[in-house]
Each structure stands twice: as structure tokens, then as C-alpha cells.
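# Summary of the model geometry
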Amino acid sequence: MIELGKFNTLRIDHSAEQGLYLSGDEATGDILLPNRYVTPDMRVGQEVNVFVYLDQDERIVATTETPLAQVGEFAFLRVAWTNKYGAFLHWGLMKDLFCPFREQKQPMQRDKGYIVYVKEDEATHRLMATAKVERYLEHTPPPISHFRHGDAVEALVWQKTDLGFKMIVWKENPDEPRTYYQGQLYDNQIFQPLRTGDRVTAYVDHIRQDGKTDLTLQPTGHRHTLDFAETLLRYLYENGGRCDLGDKSDAELIYDRFKVSKKAYKRAIGDLYHRRLITIEEDGSISLTSNV
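Residues numbered from 1 in each chain as written. Predicted model: local features only at pLDDT ≥ 70, side-chain atom pairs only at ≥ 80, totals over all residues. Heavy atoms only, no water.

On to the layout of surface pockets. Of the pockets and cavities examined, the largest pocket occupies roughly 430 Å³. Among the secondary structure elements, those contributing two or more residues to the lining of the largest pocket are strand E4 (47–54), strand E6 (74–83), strand E8 (97–100) and strand E10 (127–130). The biggest single contributor to the lining of the largest pocket is E8, with three residues. The residue makeup of the lining of the largest pocket, split by class, is eleven nonpolar, three polar and six charged. (1 Å grid on protein atoms, 1.4 Å probe; cavity = no way out; pocket = protein on both sides within 12 Å on 5 of 7 lines; lining within 4 Å. Points joined across faces, edges and corners; volume = space filled by probe spheres on them. Helix = DSSP H or I, 4+ residues; strand = E, 2+ residues; numbered from the N terminus. Nonpolar A, V, L, I, M, F, W, Y, C, P; charged D, E, K, R; others polar.)

Structure representation (C-alpha cells):
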């Protein structure tokens, strides 16, 4: 079955003046891959991975271009132009993606970007965007088997809040459909510039009863402490056995140099100190012990 608004693997059935026709199904018939996307190595009988959508004339066509999001996914898209019916968003394809007024939280403005969800309209089967993204987030806590403390997840920066950022969170698994959850990244866990639309790897810190997931941008737990402790030890070896940053140093200075939080840095210092690999000087700096 052909999935509109998604990548499909289709067989090249025959060639024509306007391009190659790919084998579809009973509902679609053969699907045109226009000449602009045909490459010299394509042959009749070969299978190709193509994105299937509707062209300007609402005909089903294929393209080898990659959109910024498929049906069932979220993306940060900028407005190319507007008219009395709604907004048209840059989508990475020749045809812009339509977001009607009824699917906008506020009137969209040209050249501004918005977090949207891509869907197929049930009535018309046209592909469209909606900015009312809350409808497409799971509002119950993720199952324990899906999200665990310390798990790496994909996250899309959604909205700035007084506490930090709202995030759209999911696990990337090519064998399963994505389930999206709402996450929260607090200000005290942010050690790099972030803005709406950024996609980052985050880590599960805590799953709340309201279904939201608290996140951190760094791995959690003892394994991370050990890993960074070894990094810090190597830094000391390579820099004369001393580091001027201690557990009282500014968090931004620590992040600029080591790309870890102050909490992770302090844990690593504690680990190396208890292993008697470093000494802590009066000014707070750390040094390799003489027996290392």
C-alpha cells in the first residue's frame, strides 16, 4: 500500500517522455517520477526509494528530494508566503506545505518559523501542516520499557518558558512508529545555546505522573561520571598535571572548556580525589598526585 507523504520503495515499471513511472497500487495507479529526479543509473525493474506526495495539480507524484518532515512527524518550518486561505511553508520540496488558518494558533507571518506537525487531511487526503501540535503528543506517561532513567532520546526544542524549554521527545527506532511525548528541559540543565527548532540528543532524567519527561543534555549516572573522570585525568596529563578550574569555578567556564555541567565536573573531581589520583589545592585548582 502506498503511503502518501512518506518514503516508499517502488519498482520502476516503464519510462515515458515526462519521466519514469513507478508501480503503485489499485488506488494510485502508476506514479510518475518526473525527469528532473531521474538519474542515469535508474533502470526499468529497479527499486527506488522515493517520497510520494501531491504536486501543484493535486496529482500523486514521486520525488527523490527529502522533505524536512514526513506525515506523522514534527518540524520547524518557515513561512514562504501567505494568502487569504492560510500559510505556505518551506518544506524542502518544490511544492510548499499548506497550513490553513484553522490549524494556526496565531496568524502565521512570512519568513517566521513555527513548530508544526505534518498530517494528511482526512476529508481531502491533501498533505498539510498544523501548529496545534499538542493534539499529536501522547499525554500519558511512557511505558517503563520505552523510557528509562538515563536513556538517550531525540528531542525537538519547542517553546521557551520561564523554567527552560518545552521539548518534543521521542525514541528513534526505524522498526517502530514514532510516539511523541512532551518533555521539559530546565534552565539549570542548559549549557549551550538553544532555540526553537533545534534538534538535540537528550537523556531521560525523570518521568512525571502527568506524562511529561524531565530531560538533561548530558548522560546521567555513574557511568558518565567515570567516563568524564578519565577525560579529566587525560587533560591533566596533557597540561602539566594541573587544572585551574575547581568545584567552585563558574559553570560557564567549566562548560566552555570541557562541555559538561558543573555537577558532572564536581563528581569527576570527587571520583579522582577518592582514588587518590589528584590533590585539591588551597585556591581550588586540582593537580595530579606525585604517585601518578
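Moving on, we come to unusual backbone geometry. Phi at Glu58 takes a positive value of approximately 65 degrees, unusual for a residue other than glycine. Residue classification places Glu58 among the partly exposed positions, given a relative accessible area of 36%. The backbone of Asp111 shows a phi angle near 75 degrees, a positive value even though the residue is not glycine. Counting through the fold element by element, Asp111 comes out in the loop between E8 and strand E9 (113–120). (Buried < 20%, exposed > 50% of the residue type's maximum accessible area, 1.4 Å probe, protein only.)

A few words now on the sheet that holds strand E18 (residues 286–288). Taken in spatial order, the three strands of this open sheet run E16-E18-E17, and their pairing is antiparallel. Strands at the two margins of the open sheet, each flanked by one partner only, are strand E16 (242–243) and strand E17 (278–280). In the sheet, E16 pairs with E18 via two bridges, with the strands oriented antiparallel. Along E18, the bridge assignment pairs Cys243 with Ile286. (Pairing = 2+ DSSP bridges.)

So, on to helix H3 (residues 262–274). Along its 13 residues, H3 runs 18 Å from first to last C-alpha, staying within 8% of the 18 Å computed at 1.5 Å per residue. Burial in H3 covers these residues: Ala264, Tyr265, Ala268, Ile269, Asp271 and Leu272. All buried residues of H3 fall inside an arc of 160 degrees around its axis, so they share one side. Those residues of H3 that are exposed and aimed more than 90 degrees away from the buried face are Lys263 and His274. Looking one or two residues beyond H3, the residue adopting positive phi is Arg276, at roughly 60 degrees. (Expected span 1.5 Å × (residues − 1). Arc of directions from axis to C-beta.)

So, on to the nonpolar core. Ranked by size, the top nonpolar core spans 36 residues in total, and within it Leu22, Leu33, Val50, Leu89, Trp91, Met108 and Val116 carry the most contacts. Tallying contributions element by element places E4 first for this core, with six residues. If sequence neighbours within four positions are ignored, Met108 has contacts with Val79, Thr82, Ala87, Leu89, Cys99, Tyr114, Val116 and Ala131. Membership of the second largest hydrophobic core comes to 19 residues, among which are Leu233, Phe258, Leu277 and Leu288. (Core = buried A, V, L, I, M, F, W, Y, C linked by side-chain atoms within 4.5 Å. Contact = heavy atoms within 4.5 Å.)

Below, the discussion takes up the pairing of strand E5 (residues 60–63). By the bridge criterion, four bridges tie E4 to E5 in an arrangement that is antiparallel. Bridge pairing links Val52 to Ala62 in E5. The antiparallel hairpin formed by E4 and E5 contains five residues in its connecting segment, where Glu58 sits at a positive phi of about 65 degrees.

In this section: the pattern of salt bridges. Applying the stated criterion to the full structure yields 23 salt bridges. A salt bridge links Asp271 to Arg275; the shortest N-O distance between them is 2.6 Å. Residue Asp271 is classed as buried on the basis of its relative accessible area of 15%. Given the relative accessible area of 37%, Arg275 is considered partly exposed. Salt bridges here are not isolated pairs; linked through shared partners, they connect Glu73, Glu154, Glu172, Arg178 and Arg199. (Salt bridge = Lys/Arg side-chain N within 4 Å of Asp/Glu carboxyl O.)

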